[in-house]
Structure formats: C-alpha cells, structure tokens
Protein chains: 2
Amino acid sequence: MRASVPITVNGLKSACSQCNLVELCLPFGMSDSELNRLDELVGARRKVKRQQSLYRAGDPFEAIYAIRAGSFKTDVLLEDGRDQVTGFQMTGEILGLDGISAESHTCNAIALEDSEVCVIAYDKLEQMSHEVEGLQLQFHKVMSREIVRDHGVMMLLGSMRAEERLAAFLLNMSQRFNARGFSAQEFHLRMTREEIGSYLGLKLETVSRAFSRFQDEGLISVQQKHVQLLDPTGLKRLIQHQHGAR
Amino acid sequence: MRASVPITVNGLKSACSQCNLVELCLPFGMSDSELNRLDELVGARRKVKRQQSLYRAGDPFEAIYAIRAGSFKTDVLLEDGRDQVTGFQMTGEILGLDGISAESHTCNAIALEDSEVCVIAYDKLEQMSHEVEGLQLQFHKVMSREIVRDHGVMMLLGSMRAEERLAAFLLNMSQRFNARGFSAQEFHLRMTREEIGSYLGLKLETVSRAFSRFQDEGLISVQQKHVQLLDPTGLKRLIQHQHGAR
DNA sequence: TTTTTTGGTTGACGTGGGTCAACGGGCGTG
DNA sequence: CACGCCCGTTGACCCACGTCAACCAAAAAA
C-alpha cells in the first residue's frame, strides 16, 4: 500500500496538487503552478458503492471522472441483451471520455468495489484547457492513450487464442498493479470470471479452464480471485509464439 | 458523385472553408469566422498511392491527417507477424490520433487506393485550439467518436458470430457511403476479403462463405468487390436476433 | 450459527469457423 | 494484348471453444 492521502470532507476540493496519483492521472507532467490551477477544476468527489453505476448509457454527458480509489468496469449492451465489457479501470484512470462525442454516455461504468472518483466538469475542463498550457496536451494524451489501448484489445479479440488472451490480460493487470505500487507478482482481481470472459470475448468456463491449465503448467497460482504469477516470462512467451493460431 | 472540389496546386492551402467535406470532417459545426482561421491550420496536402503508407508504427508523431480523397486502412502488428486491421477510413475522417499519446505512431496507415490527405500539424492544432473556441470542442468530439467506434468494434469482435459481424460491417459501410452522397444500396468495397477478415476477426474463407450465404438468401448481391444490399432490414434483423450466439 | 445465493471448477459433447487444398477469373504489368 | 499473379470461391476435414450440466466453495443474508 502507498502512503495515505490527506482526507478531506466529501464534496470539498480534492487537491490534485496533493494527490499521490498525480503521476498516473490527468495532471501528469504539469508544472507546480499549473497543478495549483487544476485544483480549481476538480469540483467534488463522489463515492460509488460496489455494483452501482457511476453513469449509464444514455445519461447526458456533463463530466469526466478520475478514479481516486477503487476500480470500475465499462460495458456496452445490445438490444438483444448481449453485453461486452470494454475495459477495466483502476485508480488514476479517467472514465467518461466516450460521452464527449454525442454529449451523452454510450456505455455503463460500474464500480467493481466501493470506490471514489473526482468529478471533472467538462465545460470547466474545456475552459481551463484554453488557459493552462499543459492541460490541453495532457488531456489529448489521455484520450489518445485510450484509443491505443482499444486497438490493443481489438488485436487481442481479433487474432489471439483463448490462452493468449488470458495471458495478455494477466500481464496487463500485473503491470498496472505494479505502476500503482502493488506487487506485480501477486494480486487480487476484482472482477468475476464472467466479466473477464466478456472482456476477452470468451465464456466464463473457457476462462476458468485456462486459469486451471496455467496453474497445472506452473505458470501461475490461482485461488478464486487471488492470482500469483510464478513465471511471467512463460506467459509472455505464450503470447509471442502462437501455437498455430488463427 | 458529388460536385468536385476546386482544385488547388498540391502543397498550397486546402481551404477548409471551401471544402465540401466540411460537414464530415474536423471543421464540423464551426462558424464562418472560425472556418477562415482553420484555413491557416491545414498546411499542405499529401498524395499517397495505393498500398503505400501515410505513416508507419514507430514514426514520430507530427501531424494528424484528414482524408480529402480516397480511403485507408489502419493496422497494428505483433512481433510474430500476426496483424489486425483496426479500421477503414473514408473521406473526411481523421487519421493519426493514436500518435498523440506516446508522440509516435502505434499503427500503420495504408492507402487502399490512390488517395490524398490534408496535413494538420499537431503543434499548430494545439496552438489554435487555445484560440479558436469551437476547434477544441470539435477535436475532442472527433477523438471521442473514435473511442466510441472502437467500443463498437470490441462488441462485434467479442460477442458476435461470423454472419452478424459481416452484416454489421456491410451496414456500417452502407451508412458511411450514404453520408458521403453515394448510394447506400450499392457500393464498391476497396479492401480485400483478407482485410475484411482481419478487421472482423475472421479468416478470408469465412468472409467469402458468409458473402455467398447472404447472396443465396437474397440479402445481398456480390460480385468481387461490388456489393448491392437487396434487403438491409434483413441484415439488421440478423444482428439483433442472435441465432444462438456466444 | 444455518441457510441461501453467487461464483468458480470440471466433465462430456457439439459445432462454428479455422485449415488445407484445388481451381478459376480479374486485373495490373509489361 | 497476353501473361502471371493475386484474389475470391468452394469443398472436405478438424479442433478450439461454446454449451449443458453437475457439483462445490465462498460469501452474503438471515
């Protein structure tokens, strides 16, 4: 765990300048004076309980959200009931960018655990981007990173086999936990097998079997949501040399 | 076909204010005075011959591109040779947004036919976004739309069967041709079966078979790259009621 | 605590789409 | 205009993953 963040009363300013997520979040790379301006931008914080939604598809778009604590999934659903998890988000990551284009959200953002977000009113962000040099660039980078990430998921869904997908998923989670000061080898997944499956374009049974096979092969150790990567290099190798893939 | 665009010498300004793609492209929704400022932004034009690349993964990021004529595909590739087409782009659409995040491109943009793009230097765009009210918002919307589009592709790759994917692809192409003043019922695809397959996460044989089955069922008429949608409603129905899908 | 519900694992079996191969027609190149 | 290559089509076969079902553990509710 990291040093704890100074606690402010819910609804008060969040003080980006004092937040330890600064290097993962929107303010990354901004100067001290810019950071101070940014404190004006982040209005309130909002708590979202496990299983509750931060926003839903169709909600009018008003703000984007920076995750301060906890984690989320985003999913889109078709009329016929099918749904697709489009991403899992961790602390410091930005939610709600999909809403800008049509001024309403196109997916649901649901908390995987009790969580808290910083609310960034979009019109204020627009305004301040005109004034604060580094903010505009940083915001563009955040959006661009989302596009690049999505391309990675397409690659995964379009051209990898089940085990490769799961290996890529685990390595990605590991790297992100690590960037947040947690162990890269051992972590606790917050999503179910079904949610992982939806994200990876697989059924939960296939995900479960792949977990078991990885364990049998000594690559990982799993117990429910608790995962240990015993041989990360082995997992990487699995992705690179396709066994005769599509 | 639409009325032709006033021809300027290659390398001269492109004059957004006189371009008939205005309602599809970056300048959408901007005022006349803003449009005039925009003309400064678009420096040169660049021609790209069929099969040649506009940029490649790893190239330093300097500009984004608006397609003035022709069409492109973007693809990412893995070390082991596998590749994934992440999108097909038509006139008025913006290419290169992936490059902002890491200041270098992460995919290849390849012309599907002899094409021409407007080069928009990114540093100038940043600069002008500070000054021109509508430009910043419009640019954010373009990026956001790309994110939403990518989520749609994930949905397609993650939870649709082969025929549903192809139907969705055809309807999407139809709608985009239509928005550009071409027929929604009859059009000429510029990409190969293999490229369609890569985009849809299928093998070219599967794409070919799905085309044939659609033809047998009277939904479309295909001959090579020439496609006619005989029953668009039938195609839509196909997507909504999964036949027992994953 | 007990009960209930939800999430995860595993087995048996079926099938959609991948693989391999043959063939034919269009189109770009010379 | 003719050659050759690439592209698209189709068939036969196979396998990875989906489906269906039973069962168990963990967590939540009572």
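Residues numbered from 1 in each chain as written. Chains lettered and ligands numbered in written order. Predicted model: local features only at pLDDT ≥ 70, side-chain atom pairs only at ≥ 80, totals over all residues.

> What should I look at first to understand the relation of the copies chain A and chain B in this one?
The relation between the two copies of this chain is a rotation about an axis and a shift parallel to it. In the superposition of chain A on chain B (RMSD 0.0 Å, axial shift 0.0 Å), the rotation amounts to 180°. The symmetry that links the two subunits is that of a two-fold axis. Using C-alpha coordinates, one finds that chain A approaches the rotation axis most closely at A:His130, a distance of 2.2 Å. The fraction of interface residues of chain A whose copies in chain B are also interface residues reaches 100%, indicating that both copies meet through the same surface. (Least-squares fit on C-alpha atoms with pLDDT ≥ 70 in both. Contact = placed C-beta atoms within 7 Å.)

> Which parts of the structure should I look at to understand the protein's contact with DNA strand C?
Near DNA strand C, the surroundings consist of 21 residues, among which A:Thr192, A:Ser208, A:Ser212, B:Arg161 and B:Thr206 are the closest. Sorting the residues of the surface near DNA strand C by element identifies helix 5 (193-200) and helix 6 (204-216) of chain A together with helix 6 (204-216) of chain B as the ones contributing at least two each. Ranked by the residues each element gives to the surface near DNA strand C, the list is headed by helix 6 of chain A, at six residues. When its residues are assigned to classes, the surface near DNA strand C shows six nonpolar, six polar and nine charged. (Near = placed C-beta within 6 Å. Helix = DSSP H or I, 4+ residues; strand = E, 2+ residues; numbered from the N terminus. Nonpolar A, V, L, I, M, F, W, Y, C, P; charged D, E, K, R; others polar.)

> Explain helix 6 of chain B here, please?
In an α-helix, one full turn covers 3.6 residues, which means residues spaced three or four apart are oriented alike. Residue and element names in this part refer to chain B. Along its 13 residues, helix 6 runs 18 Å from first to last C-alpha, staying within 8% of the 18 Å computed at 1.5 Å per residue. Those residues of helix 6 that fall on the buried side of the exposure criterion are Val 207, Ala 210, Phe 211 and Phe 214. Seen end-on, helix 6 carries its buried residues on one side only, within an arc spanning 100°. Opposite the buried face of helix 6, by more than 90 degrees, sit the exposed residues Glu 205, Ser 212 and Asp 216. Packing partners of the buried residues in helix 6 comprise helix 4 (162-179), helix 5 (193-200) and strand 10 (220-223). Positioned one or two residues after helix 6, Gly 218 has a phi angle of 75°, which is positive. (Expected span 1.5 Å × (residues − 1). Buried ≥ 20, exposed ≤ 12 C-beta atoms within 10 Å, placed from the backbone. Arc of directions from axis to C-beta.)

> Is there a simple way to think about the interface of chain A and chain B in this case?
Think of interface size as the accessible area that goes away when the parts come together; that is how it is often given. Counting residues at the interface gives 41 residues for chain A, matched by 42 residues for chain B. Taken together, the elements giving at least two residues each to the side of chain A that touches chain B come down to strand 5 (83-89), helix 2 (122-131) and helix 3 (133-159) of chain A. The greatest single-element share of the side of chain A that touches chain B, amounting to 18 residues, is contributed by helix 3 of chain A. Along the lines of polarity and charge, the residues of the side of chain A that touches chain B split into 13 nonpolar, 17 polar and eleven charged.

> How do you make sense of the packing of helix 2 of chain A against helix 3 of chain A when you look at a structure like this?
Helix packing geometry: the angle between the two helix axes and the distance between the axes. Residue and element names in this part refer to chain A. Interaxial distance between helix 2 and helix 3 falls to 5 Å at its minimum, and their mutual angle equals 125°. Comparing the axis directions of helix 2 and helix 3 gives the class oblique. For helix 2 against helix 3, the interelement crossing comes out left-handed. Contact residues: helix 2 offers Leu 125, Met 128 and Ser 129, while helix 3 offers Leu 135, Gln 136 and Phe 139. (Axes fitted to C-alpha atoms, helices over the stretch in contact; angles between N-to-C directions. Parallel < 35°, antiparallel > 145°, perpendicular 65-115°, else oblique. Left-handed = near helix turned anticlockwise from the far one by under 90°.)

> Looking at this model, I keep getting lost on the sheet that holds strand 4 (residues 72-77) of chain B. Mind explaining?
Within the open sheet, the four strands sit side by side as 2-7-4-5 (chain B). Their pairing is antiparallel. Edge positions in the sheet fall to strand 2 (53-55) and strand 5 (83-89) of chain B, since each has one partner strand and no second. When the angles between neighbouring strand axes are averaged without regard to direction, this sheet yields 30°. Lying on the sheet, helix 3 of chain A is in contact with strand 4 and strand 5 of chain B; it crosses strand 5 of chain B at an angle near 120°. (Pairing = 2+ DSSP bridges.)

> What am I meant to see in the domain arrangement of chain A here?
All names here are of chain A. By the assigned domains, chain A splits into domain 1 (16-156) and domain 2 (160-240). Of the residues lining the interface, twelve residues belong to domain 1; the matching set on domain 2 comes to eleven residues. If you tally residues by element for the side of domain 1 that touches domain 2, the top one is strand 5, at four residues. Of the residues that constitute the side of domain 1 that touches domain 2, the class distribution is six nonpolar, three polar and three charged. (Domains from an automatic or database assignment.)

> So what exactly am I meant to see when it comes to the pairing of strand 8 (residues 115-121) of chain B here?
Two faces make up the sheet, and in a regular strand the side chains alternate between them. Residue and element names in this part refer to chain B. Pairing of strand 1 (residues 42-48) with strand 8 involves five bridges; the strand directions are antiparallel. Residue pairing in the sheet places Lys 47 in a bridge with Glu 116 of strand 8. Here strand 3 (residues 63-69) pairs with strand 8 via six bridges, running antiparallel. Looking across to strand 8, one finds that Tyr 65 is bridged to Val 119.

> In this structure, what is going on with the protein's contact with DNA strand D? I would like to understand it.
Among the 21 residues in the neighbourhood of DNA strand D, the closest are listed as A:Arg161, A:Thr206, B:Thr192, B:Ser208 and B:Ser212. Within the residue set of the surface near DNA strand D, elements represented by two or more residues are helix 6 of chain A together with helix 5 and helix 6 of chain B. Looking at which element gives the most residues to the surface near DNA strand D, the answer is helix 6 of chain B, with six residues. Grouping the constituent residues of the surface near DNA strand D by class yields six nonpolar, six polar and nine charged.

> Help me understand the packing of helix 4 of chain B against helix 7 (residues 232-240) of chain B in this model?
Residues and elements named next belong to chain B. Viewed as axis vectors pointing N to C, helix 4 and helix 7 meet at an angle of 135°, and their least axial separation amounts to 9 Å. By the angle class used here, helix 4 and helix 7 are oblique. Classified by chirality, the crossing of helix 7 by helix 4 is left-handed. Of helix 7, the residues touching helix 4 (which contributes Glu 163, Glu 164, Ala 167, Ala 168, Leu 170, Leu 171 and Ser 174) are Pro 232, Leu 235, Lys 236, Leu 238 and Ile 239. Partitioning the contact of helix 4 with helix 7 into residue classes produces eight nonpolar, one polar and three charged.

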